[in-house]
Amino acid sequence: MKIIDKIKKFEEDNELFYSFEYFPPKTEAGMENLFGRLERMSELDPAWMDCTWGAGGSTADKTPQICKFAQNYVGVDVLMHLTCTNMPKEMIDKALAEAKENGVENILALRGDPPAGQDKWEAVEGGFSHASDLVAYIRKEYGDYFCISVAGYPEGH
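Residues numbered from 1 in each chain as written. Predicted model: local features only at pLDDT ≥ 70, side-chain atom pairs only at ≥ 80, totals over all residues. Heavy atoms only, no water.

Mind showing me how you'd approach the packing of aromatic side chains here?
By convention here, two paired aromatic rings are described through the distance between centres and the angle between planes. If you walk through the whole model with that rule in mind, you get nine aromatic pairs. Taking 5.8 Å as the distance between ring centres and 35° as the angle between the ring planes, the aromatic pair formed by F69 and Y73 counts as tilted. Of this pair, F69 and Y73 are both found in helix α3 (residues 62–74), four residues apart, which corresponds to roughly one turn of the helix. Residue classification places F69 among the buried residues on the basis of a relative accessible area of 16%. Looking at K100, its charged tip hangs above the ring of Y145, at a distance of 5.1 Å from the centre. (Phe/Tyr/Trp six-rings, centres within 6.5 Å; stacked < 30°, edge-to-face > 60°. Helix = DSSP H or I, 4+ residues; strand = E, 2+ residues; numbered from the N terminus. Buried < 20%, exposed > 50% of the residue type's maximum accessible area, 1.4 Å probe, protein only. Lys NZ or Arg CZ within 6 Å of the ring centre and 35° of its normal.)

Pasting the structure below:
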């Protein structure tokens, strides 16, 4: 279910709600631990679960796995973070296709932080420079399938 629809319903019913946010672990043992934790914490009935996209795109392969598990096996709606950092268009396409294939309907589009060791953020060749570019691309390719949220910087561009 789209998060915006959940939020509207909670507001109509004057109900409080909350979500949990997880980051992908670095090891396979950490992944197994996280899957167990997702199952246990789903019993607390969060409105949804967020899964971050590792700094510099470092967990591009793990974030979709976690989202698939939470959405399809745990049964909690997911908000998948997706950044522009170190992500050429082909990797964005793969992540979005996997998200849709796995029933994930919610994306948090972010520019992302500079990769470790870099002071200045730079787009990769064939990538996106701003979250707004990523949002426009998602809308062009997927229409209204995804509920897209964003976080931004106060500087204009």
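Help me understand the confidence of the model for the chain in this model?
Predicted coordinates in regions of low pLDDT should not be interpreted in detail. For the chain, the average pLDDT comes to 92, and 94% of its residues sit at 70 or higher. Predicted confidence in the chain is weakest over helix α4 (residues 89–101), with a mean pLDDT of 95, and strongest over helix α1 (residues 3–12), with 98. (pLDDT = per-residue confidence, 0-100.)

I would appreciate a short explanation of unusual backbone geometry in the present structure.
Peptide bonds are mostly trans, and most non-glycine residues show a negative phi. You will see that N14, though not glycine, has its phi angle at about 55°, which is positive. Within the secondary structure, N14 sits in the loop between α1 and β1 (19–22). Of the residues examined, N14 reaches a relative accessible area of 72% and is grouped as exposed. Its identity is not glycine, yet D45 carries a phi of approximately 60°, on the positive side. Looking at the element boundaries, D45 is found in the loop between α2 (28–42) and β2 (48–51). Among the residues examined, D45 registers a relative accessible area of 62% and is labelled exposed.

How should the pattern of salt bridges be read in this particular structure?
Side-chain pairs of opposite charge can arise where the charged atoms are in close proximity. Counted by the stated rule, this structure contains six salt bridges. The partner of K94 in a salt bridge is E98, with the nearest N and O atoms 3.2 Å apart. Of this pair, K94 and E98 are both found in helix α4, four residues apart, which corresponds to roughly one turn of the helix. For K94, a relative accessible area of 55% corresponds to the exposed category. Here E141 makes a salt bridge to K140, at a shortest N to O gap of 3.1 Å. Since its relative accessible area comes to 39%, E141 is described here as partly exposed. (Salt bridge = Lys/Arg side-chain N within 4 Å of Asp/Glu carboxyl O.)

I keep staring at empty space enclosed by the protein and nothing clicks. Help me out?
A probe matching the size of a water molecule, rolled over the atoms, marks out where space remains unfilled. The tally for this structure, following the rule as stated, stands at one cavity of 30 Å³ or more. By volume, the largest cavity is sized at about 30 Å³. Looking at the largest cavity, the residues that line it are Y22, L38, M49, D50, C51, I66, C67, A70 and V78. Sorting the residues of the lining of the largest cavity by element identifies β2 and α3 as the ones contributing at least two each. (1 Å grid on protein atoms, 1.4 Å probe; cavity = no way out; pocket = protein on both sides within 12 Å on 5 of 7 lines; lining within 4 Å. Points joined across faces, edges and corners; volume = space filled by probe spheres on them.)

Explanation requested: the pairing of strand β5 (residues 147–150) in the structure shown.
Along any regular strand, the residues point their side chains to alternate faces of the sheet. As defined by bridge partners, strand β4 (residues 106–110) adjoins β5 across four bridges and the pair is classed as parallel. Within β5, the position partnered with N106 by the bridge is C147. Taken together, β4, helix α5 (residues 131–142) and β5 form a β-α-β motif whose crossover is right-handed. (Pairing = 2+ DSSP bridges. Right-handed = clockwise from strand over helix to strand, strands pointing away.)

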